Structures are given as structure tokens and as C-alpha cells.
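Letter by letter, the chains look like this.
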Amino acid sequence: MKIRKLLRKIIAILMFRIDWKKLVFIGAILTVFRIMFQISTLPYPLTEWILFPPLEISSFRNLNHEKNLRELPVSPDIRFNLSQHAPLVVSLNSTDGLSETLQVLERREKVSRQQNSRKHVNAVDKVIFPSSPVGKVSNHMLRYIASLTPVEALAYAKREIENAPLVTDDQDLYTPLFRNVSVFKRSYELMEFILKVYIYKEGKRPIFHQPYLRGIYSSEGWFMKLMEDSRQFVTRDPQKAHLFYLPYSARQLQKARYVPNSHDLKPLSVFLRNYVNMLASKYPFWNRTRGSDHFLVACHDWGPYTLKDHEELSRNTIKALCNADISEGIFVSGKDVSLPETTIRNPRRPLRNLGGKRVSQRPILAFFAGNMHGPVRPKLLKYWRDKDESIRIYGPLPHRVSKVMSYPEHMKSSKYCLCPMGYEVNSPRIVEAIYYECVPVIIADNFALPFSEVLNWTAFSVVVSEKDIPRLKDILLSIPLRRYQVMQNNVKMLQKHFIWNSKPIRYDLFHMILHSIWVSRLNQLQVSEISQFLEF
């Protein structure tokens, strides 16, 4: 009986004294708060889980996903939680530098950024995204690359290039010009994505940090100017650098230190030796690699000879030289870089006179005019001067001829432009011929052709050995018209890779030179430096 009375009292209280509307309202509020709390603990927003389900992707084809990602040798002081970000470490393997997966992850990143506005890069060394698709990489990928030491990043790039995806159609690259367009595109994208260059501040003007932008030696000056102005590739932190630039001008060194008519280059080589020794005593970077991750750019003919007094500078440093003569033992194919020699008459208008005539408007078979120095040009003059109307060979272009047709007009009206060596192997006529859409004929037996690691020179030029000068006409006439038309069209398509721009454009001459230096550094990466990185 007591229990029944108690139950009746409880029921009466529940039915008549509790406000059920308020109780339901409070319960609903508590339920909503609990759901919101659970959503906030998810690794991605709820809408993202619905639209873009989680993916597990690895940028290394030979890795076993997360297990191997944890084993990557990341520098301890900048290591981050790979297990947290493993699904966002992606490969750029697609024709456009991005896969469909990366596009999905970018949309995920966009949603995530709306809730997280933290900056992921250091303000001093801010990442400058290229305008290319490769620049649209998630911040997680950027942080992953940033977490690697310079050597680890180079090893990563080397493996990615070895597994380059097939490129079948690219609007920016004309496939017939390249040895392997797929490898070039992948390497170039990774250069844009990874490469950082430290420029030494030491050195007084005019020899250092003062680019010489006019004349036949202007390549070194234009590269210096654009390199020092670059926000994309230059880093202020030498610990992050993959390459170190020695910012001197061989032309300015010659003007400042050479005693006219002395025929003595010793003061120039001693000056450079002392400069490098100063850097080696002030910083640890030279001694760490004996100069193998340092590079210089010199277009003056004497550039190679001014390096002889410093053995490591001559033997180990990556040398970008116009005088790329493989017979003298200073320029080393595969390590050093052949620098195109460009004649710039007006630095404000470097592209003046660019372009040429149609094939039907080129009545001259072959043309050359220039000073008679070196062993090859006098031989050319001996066999062909005034011997054949279709082959026009001169010393300096006579006034009586130039007033009728200028030097550029001769090149624009010729099918083939002869580019014989002078005292040294290179000639600015090679680039001039490309500018005027004239197929270059290169006559220099020991010349390492520019960008030959990526460009297929047989597609747009003719190489004639010095001993075959007497057979020059037969060699040129043996090329079928259809073949010549293809070569001449290839020259037009090649122009973009040999042009200086006041603000660098993708694949232009500045970037092609830098890419050759980048490839050289990758090629000389020691097995001992990367073996630990590649052992998974």
C-alpha cells in the first residue's frame, strides 16, 4: 500500500507540476550542442566528408603508403607529423602537372582554409607560387617539401623525374624540339616547386653584383640581373639552399683587372681564388661540398681560364660558360653548362628585329659575315668566297653590300646561317639565326651545344665538321626541302627558349639556363648523399 501511494504522488507531480515544453526544449538544446561538439572533433568538416571522401595517396610509387611515409628521413628539427598529413602527400604526375586527385585535394584544402587561416610558410622565405599548374599545390605538400633537407629534396626530385609521367600534348612545349619532353617537363616543374638559390652578398661593384647587359657577353649580365631580382628562386637562408651562386661578371673582371696588351690572365685568376678562399673561411658551405653545390655564370672568352688558380673552383663548381670547349679539360660535359651567347645592342629592347621571312622569300642558300679570326673562318673564306652565288661568304660585311641589304636582312633572307667558331668555340650567330628564323649551321668541332641535355639539336640545326667545309654546299643541298621546312618551323618554335625577358617568363632563356644548372646539380648528387633517403 505504501508503494502505491508513493507512485501516485510521483505520477501527480509529473503530470501536473512539471512543464514538459520546457523540458523538451532543454533536451533539444543539449542534443544540438552534443552534435556540434562531435562535428568539431572530425579531422575534416562534415560537408567535406560528404563531398570528398578521405583518400590515401602516396607521392612515391614504391612506398607502402603510411608505413613508408613514416620512414622518410626528415630533419629532426623541422619534422612534422607525417601520419596526420600522409593522405595529402600527392604526386604531380599528370600531363598538366596535376592529377585529378590533386584537384580534389585542392578543393578539400580550400574548404579547410576557411576554418584555418594560419600561415604555413616563413615570412622571410615566403614561397612564391609559379603561375603554372604546379604552383597550385596544397600547403600540406609545401610543408612536406619544406620539411626535407636540401639533399633530401634533391633526392626526392631525382626519383620523381626518373618516373616522369608521359606527356603527349602540351600547349607550352613543342615536342619535336626535345629529347624527352616528359622528363623535361617533370624536371622543370620540380625546379619551380623546389629550387632555392643562395646568393653571396660579398663582393664589391663593378666586378660583383653589377650586370653587364650590352654586347656579345651580355648573357652573364642578364642572368645575374634576373637571378638577383628573383623572389621565386632566391632564399636569404643558406641552410635552405640547394645551390649557391657566385655573383661575379667575367666581363667586368676583365675590364677592371686586365692590363691591356699584357697577355697575362694571372691577376684575374688570383682575384677569383682569393674571393673563393674568403667565402670558404667565412662560411661552412664551400668546405662542406668542396664547391660542388656552387655555380658561376661567365660568358667572356676568358671565363674558363680565370678559374685555374683555384683547383676546387675549376674542378668541382658548376660552370655555366659561353666558351664551352670540351677539348681543353676545363669545361666538363654533364657537369658544366653551355651558356648561349647573345648579342644585346639595346638593353631596353632586347627583342629588336625578332622574326624572319617565309621559306619562299629566302633565295640565299647560306650566309656568313664576320671578322676573320680563329682557324675555321679563313678556311670558310678560302673555299667559298665569290665561288657560288647561292653561298655568300664575307669577312666584315662590306659597305657596298650592307647599304643594299643589312646584316639582319641577309640572315632573314637565307635558308641557312653559318655559325663558325672564332678564337673560341661559341658564336652569337647561333642565337641570332634562331631570332631571324634561319636554320643555324654550326661549325665548331669541340663545342658543347647549349641545353643539349634536353634539346634535340638535329631537329632545328645542322652540324658540319671543320674538315667538311669544302663539301658544305653538297651537305646542305642533300637535305630534302620537306626536311628543311620542318627544321625552319622548329627554329620558330624554339625562339621562346632563347629570349631574354625583363620579367622572366616560363621556359625562356633565364629559366632554361637555371634548369640546366639544376639538372647538373641533380646529376652530380653523390650516391652516398641519397642512399639513406632511397632505402625504404
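Residues numbered from 1 in each chain as written. Predicted model: local features only at pLDDT ≥ 70, side-chain atom pairs only at ≥ 80, totals over all residues. Heavy atoms only, no water.

- Looking at an unreviewed UniProt entry, one finds the chain named Exostosin GT47 domain-containing protein and attributed to Solanum pinnatisectum.
- In the Sequence similarities (unreviewed entry) part of its UniProt record, the chain is described as follows: "Belongs to the glycosyltransferase 47 family."
- The annotation that UniProt attaches to the chain under Subcellular location (unreviewed entry) is "Golgi apparatus membrane". (UniProt positions renumbered as here; feature names shortened; annotations may be inferred.)

**Description of the pattern of salt bridges**
Link 1 in the chain: In this structure the tally under the stated criterion is 19 salt bridges.
Link 2 in the chain: With a shortest N-O distance of 3.8 Å, E432 and R345 are connected by a salt bridge. Here the residue E432 occupies a position in helix α18 (residues 429-435), and R345 occupies one in the loop between β5 (337-338) and β6 (364-368), the gap between them amounting to 87 residues.
Link 3 in the chain: What makes R345 exposed here is its relative accessible area of 54%.
Link 4 in the chain: It is possible to trace a salt-bridge network through shared partners that takes in E160, D170, K185, R186 and E189. (Salt bridge = Lys/Arg side-chain N within 4 Å of Asp/Glu carboxyl O. Helix = DSSP H or I, 4+ residues; strand = E, 2+ residues; numbered from the N terminus. Buried < 20%, exposed > 50% of the residue type's maximum accessible area, 1.4 Å probe, protein only.)

**Topic: the state of the cysteines**
Link 1 in the chain: On inspection of all chains with the given rule, the structure shows two disulfides.
Link 2 in the chain: Across the disulfide, C299 is cross-linked to C322 (sulfur-sulfur distance 2.1 Å). Residues C299 and C322 share a disulfide whose torsion about the S-S bond is about -90°; that sign makes it left-handed. Of the two residues, C299 sits in the loop between β3 (294-298) and α14 (311-315) while C322 sits in the loop between β4 (318-321) and β5, which places them 23 residues apart along the sequence. Like C322, C299 is buried.
Link 3 in the chain: The thiol of C419 is not disulfide-bonded; the next cysteine sulfur, from C417, is found 6.6 Å away. (Disulfide = S-S within 2.5 Å.)

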